[in-house]
Number of protein chains: 2
Amino acid sequence: MLRTSLQDLPASRIRELANVGLGRDDVVKFWFGEGDLPTPDFIRAAAKDSLDAGETFYASNLGLPELRAAIAAYVSRLHGTRIGEERIVVTSSGVNALALTCQSLIDPGDRVVVVTPVWPNLTSIPRLMNAQVTRVPLSCTDGCFELDLDRLLEAAAGARMVIVNSPGNPTGWTMAQPQWDALLASCRRRGTWLLADDAYERLVYDGSMHAPSVIGQVGAEDRYVSANTFSKAWTMTGWRLGWVVAPSPLVGEFAKIVEFNTSCAPVFVQRAALAALAAGEAPIQATVARLRAARDRLVGNLQRIPGVEVASPPGAMYAFLRIRGRSEDSFACAKALVEEAGLGLAPGIAFGAEGEGWLRWCFAATTELLDEGVARLRGWLGSR
Amino acid sequence: MLRTSLQDLPASRIRELANVGLGRDDVVKFWFGEGDLPTPDFIRAAAKDSLDAGETFYASNLGLPELRAAIAAYVSRLHGTRIGEERIVVTSSGVNALALTCQSLIDPGDRVVVVTPVWPNLTSIPRLMNAQVTRVPLSCTDGCFELDLDRLLEAAAGARMVIVNSPGNPTGWTMAQPQWDALLASCRRRGTWLLADDAYERLVYDGSMHAPSVIGQVGAEDRYVSANTFSKAWTMTGWRLGWVVAPSPLVGEFAKIVEFNTSCAPVFVQRAALAALAAGEAPIQATVARLRAARDRLVGNLQRIPGVEVASPPGAMYAFLRIRGRSEDSFACAKALVEEAGLGLAPGIAFGAEGEGWLRWCFAATTELLDEGVARLRGWLGSR
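Worth saying up front: this structure is predicted, and the values here are computed from it rather than measured. (Residues numbered from 1 in each chain as written. Chains lettered and ligands numbered in written order. Predicted model: local features only at pLDDT ≥ 70, side-chain atom pairs only at ≥ 80, totals over all residues. Heavy atoms only, no water.)

J.: Give a detailed account of the packing of aromatic side chains, specifying residues and quantitative values.
T.: Residues and elements named next belong to chain B. For the structure on display, the rule yields 28 aromatic pairs over all chains. Ring geometry for Y200 against Y318: centres 5.8 Å apart, planes inclined by 75 degrees, an arrangement best described as edge-to-face. Placement of the pair is Y200 in the loop between β8 (193–197) and β9 (224–229) and Y318 in strand β12 (residues 318–323), with a sequence separation of 118 residues. The exposure class of Y200 is buried, given its relative accessible area of 4%. (Phe/Tyr/Trp six-rings, centres within 6.5 Å; stacked < 30°, edge-to-face > 60°. Helix = DSSP H or I, 4+ residues; strand = E, 2+ residues; numbered from the N terminus. Buried < 20%, exposed > 50% of the residue type's maximum accessible area, 1.4 Å probe, protein only.)

J.: So what's going on with helix α1 (residues 13–20) of chain B? Which residues, and what values?
T.: Residue and element names in this part refer to chain B. Residues of α1 that are buried: I14, L17 and A18. For α1, the arc enclosing every buried residue in end-on projection is 105 degrees, short of the 170-degree limit, so these residues lie on one face. Those residues of α1 that are buried are in contact with α11 (330–341), β14 (346–347) and β15 (359–362). Two or three places before I14, at the opening of α1, S12 has a side-chain oxygen 3.2 Å from that residue's backbone nitrogen. (Arc of directions from axis to C-beta. Contact = heavy atoms within 4.5 Å. Polar contact = N/O pair within 3.5 Å; in protein donor to acceptor, adjacent residues only side chain to side chain.)

J.: Go over the sheet that holds strand β4 (residues 132–137) of chain A, please, and point to the residues and values.
T.: Residue and element names in this part refer to chain A. Reading across the sheet, the 7 strands line up as β2-β10-β9-β8-β7-β3-β4 and stay open at both edges, with mixed pairing between neighbours. On the outer flanks of this sheet lie β2 (88–91) and β4, each paired with one strand and no other. The sheet shows a mean angle of 20 degrees between the axes of neighbouring strands, direction not considered. Pairing analysis gives 5 bridges linking strand β7 (residues 161–165) to strand β8 (residues 193–197), with the strands arranged parallel. The residue bridging I163 from the neighbouring strand is L195, located in β8. Relative to strand β9 (residues 224–229), helix α4 (residues 94–105) is tilted by about 155 degrees, and along the sheet it contacts β2, β7, β8, β9 and β10 (242–245). Contacting β7 and β8, helix α7 (residues 177–190) crosses the sheet at an angle of about 145 degrees to β8. (Pairing = 2+ DSSP bridges. Axes fitted to C-alpha atoms, helices over the stretch in contact; angles between N-to-C directions.)

J.: Explain the side chain of S92 of chain A to me, and be specific about the residues and the numbers.
T.: By the element assignment, S92 of chain A lies in the loop between β2 and α4. At 2.9 Å, the side chain of S92 of chain A and the side chain of T262 of chain A are in polar contact. Each residue touching S92 of chain A, except ones within four places of it in the same chain, is listed here: R240, L241, T262, C264 and A265 of chain A together with T262 of chain B.

J.: Just give me the short version of the packing of helix α11 (residues 330–341) of chain A against helix α12 (residues 367–382) of chain A, but keep the residues and values in it.
T.: The relative placement of two packed helices is expressed as an angle between their axes plus a distance between the axes. Residue and element names in this part refer to chain A. For the pair α11 and α12, interaxial distance at closest approach is 11 Å and the crossing angle is 100 degrees. As judged from the angle between their axes, α11 and α12 are roughly perpendicular. Within the contact between the two elements, α11 uses C333, A336, L337, E340 and A341 and α12 uses R376, L377 and W380. (Parallel < 35°, antiparallel > 145°, perpendicular 65-115°, else oblique.)

This is a description of form; function is not addressed.
See below:
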């Protein structure tokens, strides 16, 4: 019944796999991109206070002025730049930030270039707007992913938009600063839009405050949009709150597009985000420290298993691994792991053909759970 | 900077007018479609309990199974039919329900027919999906609006979709059952999708439980979608929660489209909706009784003002009026009312050319505020 042009839009292979484990409470699950901790108390308290205050009315399309200002201050401080609140739009989740951007900018037939393997939403959202999508695969050496920049720039000739998710889901690949600089220069020259999915920008493990970015270099007139979310850095996945940094002339137009999608985010959710930002770096650094320890433990343990190829990802919250002679058909392998070992990993094919042969393991979990997962993998490999 | 095909997408004229009154606290405002009461305590309490329980994680794309079941039971009971939960999708607001439907069904160039004057989102959302929009205006006699069904059916020949908002915003026009029946029969014959924006279905004032509808007649395979919201009947505007009733084969596809828009609604917001539904008819009947009294008082008072033409609307929550010799340019009139009388009404032009000459007055307000508004209108007319 779906419209013609969407009839081959792929369903989520992660969801399909999760259905295999449905109703089984003996599966240890690392398949979704979500941590195991609820949102900190003080953030939830701010939402409850807002509800008590009766803030249950419509809000402005672009977000509460005080939240836009707080986001602008946060992004400016983080990136050592000056971004005014007139460049901020509050959105109903990070994915909504990406959807609104594509709805604003993509005409039918426009070409959109995406670095892959990647979270499937980044290729499907442009398709929803009737774009042609060109995929530019990362290359891989010993489990480490790298971008051939020349190949990306070549593919981007004549494109309407380039989408980069760095640190990337599922690989953890993080684009280096010189590549960002060159990409921005090329996009400026060609008038191509550059959309940065910065959901994981705070989840980097080399001691930096954020992943490399050109957000500090772009002006209010540049064809550059950063899409972001409160989900990962503040463990607020279920709140559905994000934002974009966009050129000022586009923000007024964004107000219309927001109006036609969700109209606004709930005020009490925005109050929670204000509390999150007001707490400064502490909650984020706590998240990063926990994830770094989890990454090091999981990857170290996996690397000790014969036949497993995995590198330590520089960012995001996933180990991306393959198992010689086992994971070539990633969906079949992930399915067998659920059914035979009670271990829930995401199949690489969920992230496109470039991900085939790989498995994604979200390490936003307790040490105990991660260790149990490794034990199950070892047991499963040994028993075959 | 917006894409080519959206460059003439109109901005909200209501928003533009509201900006005229920005920073003035002496304006009595009836321009937005929102009541003046916060959400009932027991609904807010359910959200707070959910937050306390740590329900801050992702939820399934289609909504909590228990909420889908509760909505299915509610709709079935209300309309004396049997709609299974497999036909329900929870959405991030009523407007989001409409957006998802259009994203699922409209290919570029498809023609969409809309009964007007109407809430501008209903014509802009299809345009966002690159549809051609055909407007079918209601006719008006002594302030009462009526649909020429033959004209609608003629316009709908070859169209992909017909959108009907009944009771309608801004007119309160409510489509009669025989017209619904004939429209459904025609859509079935032609394979045209019928999208009912049922946001106001509970706000009817003749003692009926709901406005006329064909939802009780359609099967799981019919090309019929009802979009609805918790906003109006349960005074939950700021929560951004809605739903659709869709054909079963479309619901699985909807899951994908939801994934690419907001992915899911917050669990704690869905818990609030569950509490709202569990309370049964009492909160809705309280809303309807309050609005009926407000309508009767406001319309009665307006009808006593010389030169004012207004009829008692059978549904929704707006008086739609015109003032001889004054409101022909509705935006200029609304602007003068704000600036000279501190009275905030929505200009009819905000709802399309067919609304020009009219003003929309939301009567979801206290008696005192409505009376003050009428006094200001009288004073303004007398002083000119």
